[in-house]
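A closer look at the structure
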Amino acid sequence: MPFRSPASSLSLERLRFPWGRRAAVLGSLAVVAAIIGLNLALHLVPGPGLGLSVAAAAVLLRSGALWGGAVVLLVGTAYLVAVLLPSTRTAFLDERYRFGVSEALLTAFIVIPLGTILLEEVAFRSVLWGMLSRHMGTWRVLLVSSSLFGLWHVFPSLSFASANQAFSDIVPTSGVATTVLAVVGTVLFTGLGGVVAGELRRRSGSVLASAGMHWATNSLGVLFGLVAWRLVA
């Protein structure tokens, strides 16, 4: 058995617990204490019920929620700048999402979160991530799950070339080659997005962070698309 010096053991320990083992233990104890307090409050204090449960869940998930909220703010700012600039506004002019106000709001806050984000986050950043983590290192998990996430978007990308005005301006021709280019570009772009989402999930320890980014890129795209169509009308 190879000899491992105390210094090398300490280095390995720091790699496994980048913020220090003591901080990790204290954090775990704080979560356990919070769960115990919540259990007592729910069963011994009259009247808190549903409201307390929702508030407590939000507090326990605060790390992921904070990461997700920060990404929403960042993406929203970038989208705002892009939609105000004529040179980048056409990226939001997608015929697939040329909605009225009510339909855009329904799509952004109901259809996309429940019909797209819920499934994809559970599939790729929760279940698949957890299964791969059992026999792969972190970076391999990130790359494999992100690659599969990119390939997941092959079928949705088939209509992208004809629907998105920015792409049509860059590649004005149609045909098989154009469709292939749109599909490859979409797979690469969403695969890269999967890397960012996976890293958010890894760093925050919560799927809420990647879900926040997912909602921002998709739903805010629909909402800013609504603005873009009004600006060019």
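Residues numbered from 1 in each chain as written. Predicted model: local features only at pLDDT ≥ 70, side-chain atom pairs only at ≥ 80, totals over all residues. Heavy atoms only, no water.

Let us look at the nonpolar core. Nonpolar side chains in soluble globular proteins generally cluster together in the buried interior. Counting residues in each nonpolar core, the largest one holds 26 residues, and the members touching the most others are V75, Y79, F92, L220 and F224. For this core, the elements supplying multiple residues, two or more each, are α4 (62-84), α6 (101-133), α10 (176-204) and α11 (207-232). Among the elements that line this core, the one with the most residues is α11, at twelve residues. With near-sequence residues (within four places) excluded, Y79 lies in contact with F92, A216, T217, L220, G221 and F224. (Core = buried A, V, L, I, M, F, W, Y, C linked by side-chain atoms within 4.5 Å. Buried < 20%, exposed > 50% of the residue type's maximum accessible area, 1.4 Å probe, protein only. Helix = DSSP H or I, 4+ residues; strand = E, 2+ residues; numbered from the N terminus. Contact = heavy atoms within 4.5 Å.)

Let us look at α11. Under the 1.5 Å per step criterion, the end-to-end length of α11 is 37 Å for 26 residues, consistent within 8% with the ideal 38 Å. For α11, the principal kink sits at G221 and spans about 30°. Where α11 begins, one side-chain oxygen reaches toward the backbone nitrogen of L208, 3.1 Å away; that side chain belongs to S206. (Expected span 1.5 Å × (residues − 1). Bend = angle between axes of the 7 residues up to and from the residue. Polar contact = N/O pair within 3.5 Å; in protein donor to acceptor, adjacent residues only side chain to side chain.)

The grouping of V101, L105, L106, F109, I110, V111, L114, L118, V122, V127 and M131 at the surface amounts to a nonpolar patch, some 980 Å² of accessible area in total. With respect to the secondary-structure elements, L114 resides in helix α6. (Patch = residues over 30% accessible without salt bridge, like charges linked within 9 Å, V, L, I, M, F, W, Y side chains within 5 Å. Areas by Shrake-Rupley, 256 points an atom, 1.4 Å probe, with all protein chains shown as cover. Salt bridge = Lys/Arg side-chain N within 4 Å of Asp/Glu carboxyl O.)

Turning our attention to helix α7 (residues 138-151). An ideal rise of 1.5 Å per residue puts 20 Å on 14 residues; α7 measures up with 20 Å between its terminal C-alpha atoms. Listing the buried residues of α7 in full gives V141, L142, S145, S146, F149 and G150. Looking down the long axis of α7, one finds its buried residues gathered within 155° of arc, a one-sided arrangement. Set apart from the buried face of α7 by more than 90 degrees, the exposed residues are R140, L143 and L151. Contacts from the buried residues of α7 go to α6, α10 and α11. (Arc of directions from axis to C-beta.)

Among the secondary structure elements, S146 is positioned in helix α7. A relative accessible area of 1% places S146 in the buried class. Leave out the neighbours within four places in its chain, and S146 touches G191, G194 and V195.

The next thing to look at is the pattern of salt bridges. This structure, assessed with the given rule, holds five salt bridges. The salt bridge partner of R125 is E121, with a shortest N-O separation of 2.7 Å. Within this pair, R125 and its partner E121 are both found in helix α6, separated by four residues, close to a single helical turn. Since its relative accessible area comes to 2%, R125 is described here as buried.

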